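# Commentary on secondary and tertiary structure
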Amino acid sequence: MTRASLDFVVNEQWKKGGVIAWFAVDLPFSTGPERYYGLPGLILDLSYTKSSERYWLKEISFPEGLELKPPTGGIRVTKHEILNPNHRIDKKWLKKERNRLNMEVN
């Protein structure tokens, strides 16, 4: 499901433990309000299903001439890996992927 917010395409991607996060993959910053982060885009709207508490981005501005580019390095994580409850992205997985990445570079 998608919707528009502040001229960005926002994906409802993450629902867990009574939290709904809407994030924009066009803004490649894995951060958001409170303790929520790690999604493949900036969290623009965060709400709780069991309370009226809600956070949303009211405004965003960038310095003139700033060009947002996707990351060129690091470990690629697919949407399937993030959403698959049987796939754990933990320290062991990260270590394995870092080693694989280093072998490809060398």
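Scroll up a little and you will see the structure.
Reading the values: the criteria
- Residues numbered from 1 in each chain as written.
- Predicted model: local features only at pLDDT ≥ 70, side-chain atom pairs only at ≥ 80, totals over all residues.
- Heavy atoms only, no water.
- Salt bridge = Lys/Arg side-chain N within 4 Å of Asp/Glu carboxyl O.
- Buried < 20%, exposed > 50% of the residue type's maximum accessible area, 1.4 Å probe, protein only.
- Helix = DSSP H or I, 4+ residues; strand = E, 2+ residues; numbered from the N terminus.
- Polar contact = N/O pair within 3.5 Å; in protein donor to acceptor, adjacent residues only side chain to side chain.
- Pairing = 2+ DSSP bridges.
- Patch = residues over 30% accessible without salt bridge, like charges linked within 9 Å, V, L, I, M, F, W, Y side chains within 5 Å.
- Areas by Shrake-Rupley, 256 points an atom, 1.4 Å probe, with all protein chains shown as cover.
- Contact = heavy atoms within 4.5 Å.

Okay, the pattern of salt bridges next. Two side chains carrying opposite charge are able to pair once their charged atoms lie near each other. Within this structure, the stated rule accounts for one salt bridge. Here arginine 54 and aspartate 45 are joined by a salt bridge, their closest N and O atoms 2.4 Å apart. Taking the relative accessible area as the measure of exposure, arginine 54 reaches 43% and is therefore partly exposed.

It is worth spelling out unusual backbone geometry at this point. The backbone of glutamate 34 sits at a positive phi, close to 55 degrees, despite the residue not being glycine. Position of glutamate 34 among the secondary structure elements: in the loop between strand 3 (19-24) and strand 4 (42-48). Glutamate 34 sits in the exposed class, given a relative accessible area of 52%.

Before going further, it helps to examine the side chain of aspartate 45. Tracing the backbone shows aspartate 45 in strand 4. Side chain to side chain, aspartate 45 and arginine 54 meet in a polar contact 2.4 Å long.

So, on to the pairing of strand 4. Of all seven residues that make up strand 4, seven are buried, and the element is covered over most of its length. For strand 3 and strand 4, the ladder comprises six bridges, and the chain directions are antiparallel. Its bridge partner lying in strand 4, phenylalanine 23 is registered against isoleucine 43. Linking strand 4 back to strand 5 (residues 54-56) in an antiparallel pair, the connection comprises five residues.

On the surface, Phe29, Phe62, Leu66 and Leu68 cluster together to form a nonpolar patch covering roughly 320 Å² of accessible area. Looking at the element boundaries, phenylalanine 29 is found in the loop between strand 3 and strand 4. The class for phenylalanine 29 is partly exposed, based on a relative accessible area of 34%.

With six of six residues buried, strand 3 is to be regarded as a mostly interior element. Burial along strand 3 is two-sided: the face carrying Val19, Ala21 and Phe23 and the face carrying Ile20, Trp22 and Ala24 are both buried.

Its place among the elements puts arginine 35 in the loop between strand 3 and strand 4. Within the local environment of arginine 35, its side chain forms a polar contact with the side chain of tyrosine 36, the two groups lying 3.3 Å apart.

Mapped onto the fold, arginine 76 is located in the loop between strand 5 and helix 1 (79-83). A residue is classified by how much of its surface remains accessible, and arginine 76, at 70% relative accessible area, is exposed. A sequence separation of 25 residues divides arginine 76 from leucine 101, and the C-alpha atoms of the two residues are 9.7 Å apart. Leaving out residues up to four positions away in the same chain, arginine 76 has contacts with Glu81 and Trp93.

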